[in-house]
Amino acid sequence: MSITRRALLITGASFSLSACASLGFGTVVPPGATTPVELTQASILAAINEARRANGGHKPMTYSVALEAAARSQANLMASKDQLAHNLGVTLRARVSAAGYEGAVGENIAGGQQTLQQAIEGWLNSPGHRATLLSDKFVEFGLAVARVGGGRKSRYGIYWCFIAGGPFSAWINGVGQPGPAPADAGSQDTLTIGGGVSG
């Protein structure tokens, strides 16, 4: 039985959580407080890979400019609409394809965190987001952040998007069927606890 790429598309959960450490995952957050204006490809790569190493010894990922372009598209769209959501009229598959990326992907979004480390902490403290961030089936990623501009009143003010990618073959089990997706993949539940949230 053949499997379409669409059947293998892995999306991050739409499960929103604040960047709180009280969920019992034993989360280790990378040190620092990197603000959006201080972000560089090197600082992003270091923080994500440190989170992966410190939370289970996961392999480092490489940085993908194509996945960054797709993440930037989503972050800018969320900021322009001032809405935290995975699909604001453009699906994840459409965004990554437009950026020239055709592998399996997973997406984490967040709103309200003022530093990269706060966004990472929120994702690590949510089962579905943690699974996407730490999955060894993903081998590369891109990340972007956007602010709501023009002095507009905003619910979150700042939006983050992380897209991880890898080969479709990593998601196939031994009998040619899709393997397990990260927990909560595709969920549309929303839970907000306190400050910044992740989706």
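Preceding this section is the structure that the text describes.
Below or above, wherever it landed, is the structure these notes cover. (Residues numbered from 1 in each chain as written. Predicted model: local features only at pLDDT ≥ 70, side-chain atom pairs only at ≥ 80, totals over all residues. Heavy atoms only, no water.)

**Notes on helix H6 (residues 127–134)**
Part 1 of the argument: The element H6 is extensively covered by neighbouring structure, given that six of its eight residues are classed as buried.
Part 2 of the argument: Residues Gly 128, His 129, Arg 130, Thr 132, Leu 133 and Leu 134 constitute the buried set of H6. (Buried < 20%, exposed > 50% of the residue type's maximum accessible area, 1.4 Å probe, protein only. Helix = DSSP H or I, 4+ residues; strand = E, 2+ residues; numbered from the N terminus.)

**Some details on the environment of Gln 118**
Part 1 of the argument: Structurally, Gln 118 can be placed in helix H5 (residues 116–124).
Part 2 of the argument: Residue classification places Gln 118 among the partly exposed positions, given a relative accessible area of 32%.
Part 3 of the argument: For Gln 118 and Thr 35, which are 83 residues apart along the polypeptide, the C-alpha to C-alpha distance reads 9.7 Å.
Part 4 of the argument: A distance of 2.7 Å separates a polar atom in the side chain of Gln 118 from the backbone nitrogen of Gln 114. (Polar contact = N/O pair within 3.5 Å; in protein donor to acceptor, adjacent residues only side chain to side chain.)

**Side note on the packing of helix H2 (residues 41–54) against H5**
When two helices pack together, their arrangement is given by the angle between the helix axes and by the axis-to-axis distance.
Part 1 of the argument: Contact pair H2 / H5: the axes reach a minimum separation of 11 Å and the direction vectors enclose 30°. The angle between H2 and H5 falls in the class roughly parallel. Judged by the twist between their axes, the crossing of H2 over H5 is right-handed. From H2, Ser 43, Ile 44, Ala 47, Ile 48 and Ala 51 reach across to H5, where they touch Leu 116, Gln 117, Ile 120 and Leu 124. (Axes fitted to C-alpha atoms, helices over the stretch in contact; angles between N-to-C directions. Parallel < 35°, antiparallel > 145°, perpendicular 65-115°, else oblique. Left-handed = near helix turned anticlockwise from the far one by under 90°. Contact = heavy atoms within 4.5 Å.)

**A look at the nonpolar core**
Part 1 of the argument: Judged by nonpolar contacts, the single largest core of 26 residues is most densely connected at Ile 48, Leu 143, Trp 160 and Phe 162.
Part 2 of the argument: Those elements that place two or more of their residues in this core are H2, strand S2 (104–111), H5, H6, strand S3 (140–147) and strand S4 (158–166).
Part 3 of the argument: With five residues, the top contributor of residues to this core is H5.
Part 4 of the argument: Beyond its immediate stretch of four places on either side in the chain, Leu 143 contacts Leu 39, Ile 44, Ile 48, Tyr 63, Glu 68, Ala 71, Arg 72, Leu 116, Trp 123, Trp 160, Cys 161 and Phe 162.
Part 5 of the argument: Among the nonpolar cores identified, the runner-up in size contains 23 residues, and Ala 66, Ala 70, Ala 75 and Tyr 101 belong to it. (Core = buried A, V, L, I, M, F, W, Y, C linked by side-chain atoms within 4.5 Å.)

**A short note on unusual backbone geometry**
Part 1 of the argument: We note that Asp 82 has phi near 50°; this positive angle belongs to a residue other than glycine.
Part 2 of the argument: Note on placement: Asp 82 falls in the loop between helix H3 (65–81) and helix H4 (92–98).

**Quick notes on the side chain of Ser 135**
Part 1 of the argument: If you trace the backbone, Ser 135 turns up in the loop between H6 and S3.
Part 2 of the argument: Residue Ser 135 is classed as buried on the basis of its relative accessible area, which comes to 11%.
Part 3 of the argument: Ignoring sequence-local partners within four residues, the contact set of Ser 135 consists of Arg 52 and Trp 171.

**A few points about the side chain of Thr 34**
Part 1 of the argument: Mapped onto the secondary structure, Thr 34 falls in the loop between helix H1 (5–8) and H2.
Part 2 of the argument: Exposure remark for Thr 34: the relative accessible area of 15% places this residue in the buried category.
Part 3 of the argument: With residues up to four places along the chain from it excluded, the contact list for Thr 34 reads Leu 39, Ser 43, Gln 114, Thr 115, Leu 116 and Gln 117.

**Examining the pattern of salt bridges**
Part 1 of the argument: Per the counting criterion, the structure on display carries four salt bridges.
Part 2 of the argument: Glu 50 serves as the salt-bridge partner of Arg 53, at 2.6 Å between the closest nitrogen and oxygen. Of this pair, Arg 53 and Glu 50 both sit in helix H2, three residues apart, roughly one helical turn.
Part 3 of the argument: The salt bridge partner of Glu 107 is Arg 95, with a shortest N-O separation of 2.7 Å. Of this pair, Glu 107 sits in strand S2 while Arg 95 is found in helix H4, placing the two residues 12 residues apart along the sequence.
Part 4 of the argument: The class of Arg 95 is buried, set by a relative accessible area of 4%. (Salt bridge = Lys/Arg side-chain N within 4 Å of Asp/Glu carboxyl O.)

Worth remembering: the numbers are spatial, not functional.
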